[in-house]
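Structure at a glance
Listed below, chain by chain, are the residues.
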Amino acid sequence: MRIVKLHKSNLMSFLEEISQESELWAPVKKYEDKHIFKNIEDFDQIDLDYTRTILPPKKLLFPPSFRMYEATPKKFHADFSHISKKTLFGVHPCDIHGLLIMEQFFKQSYEDPYFSEARKNLTIIGHSCWPDEHCLCRSTQTHIVEEGYDLFFTDLDKNYLVWIGSSHGDDLIQLKPDIFDEDVTEKDIQQFMRWREERDKAFQSEIQFEAMPDLMELKLGDSVWEELGEACLACGSCTSVCPTCNCYNVRDNPVLGKEASDITRCWDACTLENYSAVAGGENFREKKSDRLKLWYTHKLQAFISKYGKPACVGCGRCVATCPVDINIKTVAQSLQGEKVDAFWRRLNQEVTQ
Ligand code: SF4
Ligand code: SF4
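A word on the pattern of salt bridges
Considering all chains together, one arrives at 14 salt bridges under this definition. The salt bridge involving D79 is made with R67; its shortest N-O contact spans 2.8 Å. A residue pair is termed long-range when its members are at least 10 positions apart, and D79 in the loop between strand 5 (76–78) and strand 6 (86–91) and R67 in strand 4 (residues 65–71) qualify at 12 residues. Take D79: its relative accessible area is 10%, and that puts it in the buried class. Between R119 and E103 there is a salt bridge, with its nearest N and O atoms 3.3 Å apart.

Listed below in structure tokens is the structure:
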């Protein structure tokens, strides 16, 4: 892997060059401190001073809803028209890890053609970040990333150190070779080491993920799940914002009088009531407590047993999003026996009002 240097004043001209070849997507402020990844038309919109976007970049590879194919009684026609050549700039390490987990899921036993085609057409340019109080990526070891990107930019004041992670990344550098400096000096290296050290000290939250599989097993029948179930609003937001959640539903949308039918794929969430409903009216996880238990079993136990790491990349989105403070952090804390002053407090407030 090669590392080069880019003066910050050259960033926009580099991005402009890239945008000649593909759609450029980057973080943009939506409102207050909320950001989204957006197709960039005006370069002034790009805002790299963000911690997390509302939705993770999975939406580019696995859109919330798209037409998979059109079917008639005799044939079907696969539809890839939602896929285009894109460059995603400004992705943080945790989200790159999230995309790697999605890739593992969509390619492991049966390769999903929609995901694969979208991935083939996506260039990933990462960007370094600074943690806020919700970030948990040091506990998941996803605050650093060694694969899954074409280029990775680390912000060092006046310059970027740029990691070249693929041959395509090298081709991008060759679009404007004159602006990249091969001479990374000892001073640059020392500055990078100081940045790493300070960034590591800036983390405010942590979870002991190693203890979680045993705690999930030991506390499967604990009353904490009933209390969580009572507080949960079953809104599904935690699942939608999570970069590693990949469940979907496939719907047939017949139109009266039309022979062809559109088959669409849309995001689904195991935290929603209909997720486990089956024909005949049965629902295997009617209770919110059972659905939360399933979500956290997947994140904190099952995925670790199979892949040796949690299905959590520590992005903090569930922490920032859940309206009743049920999230990876409060659940882990309560499994560890801590009295969590979060969903409990909200629940008590509601009861006494
Ligand atoms: S469980 Fe929460 S913190 Fe972990 S990856 Fe999902 S949204 Fe992010
Ligand atoms: S845990 Fe929170 S975000 Fe998730 S479904 Fe329940 S209320 Fe919504």
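Things to note about the pairing of strand 12 (residues 261–267)
Along strand 12, 6 of the 7 residues are buried, which leaves the element largely enclosed by surrounding structure. Pairing analysis gives 6 bridges linking strand 4 to strand 12, with the strands arranged antiparallel. Paired with A71 across the two strands is S261, which belongs to strand 12. Here strand 11 (residues 248–254) pairs with strand 12 via 7 bridges, running antiparallel. In the sheet register, V250 faces strand 12, and the bridge partner there is R265. The antiparallel pairing of strand 11 with strand 12 creates a hairpin that spans 6 residues between the two strands, and G257 there sits at a positive phi of about 85°.

Considerations on the site of ligand 1
The full set of residues close to ligand 1 is C242, P243, W295, C312, V313, G314, C315, G316, R317, C318 and I328. Classifying every residue of the shell around ligand 1 by side-chain character gives 8 nonpolar, 2 polar and 1 charged.

A look at the sheet that holds strand 5
Taken in spatial order, the 4 strands of this open sheet run 5-4-12-11, and their pairing is antiparallel. Here the strands that pair on one side only, and so sit at the sheet edges, are strand 5 and strand 11. Strand-to-strand twist of the sheet, defined as the mean angle between neighbouring strand axes without regard to direction, takes the value 30°. For strand 4 and strand 5, the ladder comprises 3 bridges, and the chain directions are antiparallel. Each bridged residue has a counterpart across the sheet, and for E70 the counterpart in strand 5 is H77.

Re unusual backbone geometry
Located in the positive-phi region is Q141, a residue other than glycine, with phi close to 60°. Within the secondary structure, Q141 is located in the loop between strand 7 (122–127) and strand 8 (151–156). In the Ramachandran plot, D325 falls in the positive-phi region, its phi being about 60° despite a non-glycine side chain. Looking at the element boundaries, D325 is found in the loop between helix 11 (317–321) and helix 12 (328–335). Note on D325: relative accessible area 16%, which makes it buried.

Comments concerning the side chain of S139
Following the sequence through the fold, S139 ends up in the loop between strand 7 and strand 8. With a relative accessible area of 17%, S139 lands in the buried category. Within the structure, the side chain of S139 is placed 2.9 Å from the backbone nitrogen of I207, a separation counted as a polar contact. S139 has contacts with S205, E206, I207 and F209, leaving out every residue within four places of it along the chain.

Overview of the site of ligand 2
Surveying the vicinity of ligand 2 reveals the residues C232, L233, A234, C235, G236, S237, C238, L292, C322, V324 and I326. A breakdown of the residues in the shell around ligand 2 according to their chemical character gives 9 nonpolar, 2 polar and no charged.

A word on the domain arrangement of the protein
Segmenting the protein into domains produces domain 1 (2–61 + 77–201) and domain 2 (209–348). A straight line from the C-alpha centre of domain 1 to that of domain 2 covers 28 Å. Of the residues lining the interface, 28 residues belong to domain 1; the matching set on domain 2 comes to 27 residues. The junction of domain 1 with domain 2 conceals about 2,300 Å² of combined surface from both sides, 61% of it contributed by carbon and sulfur atoms. Among the residues domain 1 hides against domain 2, the three largest losses belong to K58, I101 and L136. Together they make up 26% of the total. Across the domain 1-domain 2 interface, the total number found is 2 salt bridges. Counting across the interface, domain 1 meets domain 2 through 13 residue pairs in polar contact (both at pLDDT 80 or more). Considering each element in turn, the side of domain 1 that touches domain 2 owes the most residues, 9 residues, to helix 3 (residues 93–107). Grouping the constituent residues of the side of domain 1 that touches domain 2 by class yields 13 nonpolar, 9 polar and 6 charged.

About the cut-offs
- Residues numbered from 1 in each chain as written.
- Chains lettered and ligands numbered in written order.
- Predicted model: local features only at pLDDT ≥ 70, side-chain atom pairs only at ≥ 80, totals over all residues.
- Heavy atoms only, no water.
- Salt bridge = Lys/Arg side-chain N within 4 Å of Asp/Glu carboxyl O.
- Helix = DSSP H or I, 4+ residues; strand = E, 2+ residues; numbered from the N terminus.
- Buried < 20%, exposed > 50% of the residue type's maximum accessible area, 1.4 Å probe, protein only.
- Pairing = 2+ DSSP bridges.
- Near = heavy atom within 4 Å.
- Nonpolar A, V, L, I, M, F, W, Y, C, P; charged D, E, K, R; others polar.
- Axes fitted to C-alpha atoms, helices over the stretch in contact; angles between N-to-C directions.
- Polar contact = N/O pair within 3.5 Å; in protein donor to acceptor, adjacent residues only side chain to side chain.
- Contact = heavy atoms within 4.5 Å.
- Domains from an automatic or database assignment.
- Buried area = accessible area lost by both parts, 1.4 Å probe.

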